[in-house]
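Each chain, written out:
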Amino acid sequence: MKRIWLLLALFLTNPLLAGPPQQVQPWLGVEVDATVPGGVAVKRVIPGAPAERAGFNAGDFITGIDAEKVKSREELMAILRSKGVGTRVKVHVTRKGKAEAKELKLEMIPDMLDLAKAQLLNKPAPAFELTQVGGKDNKTIRNVDMKGKVYILEFWATWCPAC
């Protein structure tokens, strides 16, 4: 009887057996501007990501992966998923009107919370200007006015259940 319970406990606590497998997504590590027609404009390169190591810059225009043309963000994502994590790819970009190719190995997209922490923790707060809610005068609060002071900024969003 102890052996059955042990096997059941091992089965239920083994992450590979306990639930459905999560799909592993490859990524380049770029933020793109989906509003640019006819292609994929790189808005920002994520520090430490495969795209940064391959030499991508903000302003690059992704035109293809290997022999496949890319005309939209959705096409880019579909091609990356079809290639899979661990695959070496040649990403075709246009930089300042000149065609270039960047080679990189696709990596698994990191946990979004870990990525956000890496981008934000121990870094200066970005500049902001907010209208105080609930006050009589609806004054504007700017973080530059709070420099050198400890402050707590509470925020929430109507679309965020956890907020």
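Residues numbered from 1 in each chain as written. Predicted model: local features only at pLDDT ≥ 70, side-chain atom pairs only at ≥ 80, totals over all residues. Heavy atoms only, no water.

A. Local environment of the pairing of strand β6 (residues 88-95). Burial along β6 is one-sided: Val 89, Val 91, Val 93 and Arg 95 are buried, while Arg 88, Lys 90, His 92 and Thr 94, pointing the other way, are not. The pairing of strand β4 (residues 61-65) with β6 spans four bridges and is antiparallel. The residue of β6 that forms the bridge with Ile 65 is Val 91. Between β6 and strand β7 (residues 98-105), which pair antiparallel and follow one another directly, the connecting turn spans two residues, one of which, Lys 96, has a positive phi of 55°. (Buried < 20%, exposed > 50% of the residue type's maximum accessible area, 1.4 Å probe, protein only. Helix = DSSP H or I, 4+ residues; strand = E, 2+ residues; numbered from the N terminus. Pairing = 2+ DSSP bridges.)

B. Structural detail: the pattern of salt bridges. Applying the stated criterion across every chain yields a total of nine salt bridges. Across the pair Asp 66 and Lys 83 runs a salt bridge whose closest N-O atoms are separated by 3.0 Å. Taken as a pair, Asp 66 in the loop between β4 and β5 (68-69) and Lys 83 in helix α4 (residues 73-83) lie far apart in primary sequence, 17 residues in all. Using a relative accessible area of 28% as the deciding quantity, one classes Asp 66 as partly exposed. (Salt bridge = Lys/Arg side-chain N within 4 Å of Asp/Glu carboxyl O.)

C. Just the confidence of the model for the chain, in detail. On average, residues of the chain score 81 in pLDDT, and 82% of them reach the 70 mark or higher. Contacts of residues 1-22 to residues separated by more than four positions or lying in other chains number three contacts, the stretch itself having pLDDT below 50. (pLDDT = per-residue confidence, 0-100. Contact = heavy atoms within 4.5 Å.)

D. Examining the side chain of Asp 60 more closely. By secondary structure assignment, the location of Asp 60 is in the loop between α3 (50-54) and β4. Engagement of the side chain of Asp 60 in a polar contact is seen with the backbone nitrogen of Asn 57, the distance being 2.8 Å. When residues no more than four places from it in sequence are discounted, the contact partners of Asp 60 are Val 40, Ala 41, Val 42, Gly 55, Val 93, Thr 94 and Arg 95. (Polar contact = N/O pair within 3.5 Å; in protein donor to acceptor, adjacent residues only side chain to side chain.)

E. Just α4, in detail. Among the residues making up α4, those that are buried are Leu 76, Ile 79 and Leu 80. Looking straight down α4, one finds its buried side chains confined to an arc of 100°; they lie on one side. Pointing more than 90 degrees away from the buried face of α4 are the exposed residues Glu 74 and Ser 82. Tucked into the core, α4 has its buried residues touching β1 (26-27), β3 (40-45), β4 and β5. At the C-terminal side of α4, Gly 84 shows a positive phi close to 90°. (Arc of directions from axis to C-beta.)

F. Fine view of helix α5 (residues 112-120). Taking the backbone nitrogen of Leu 113 as reference, a side-chain oxygen 3.1 Å away marks Asp 111 as the first, capping residue of α5. Among the residues trailing α5, Asn 122 stands out with phi positive, at a value near 60°.

G. Focus on unusual backbone geometry. Unusually for a residue other than glycine, Asp 66 sits at a positive phi of about 55°. You will see that Lys 96, though not glycine, has its phi angle at about 55°, which is positive. Here Lys 96 lies in the loop between β6 and β7.

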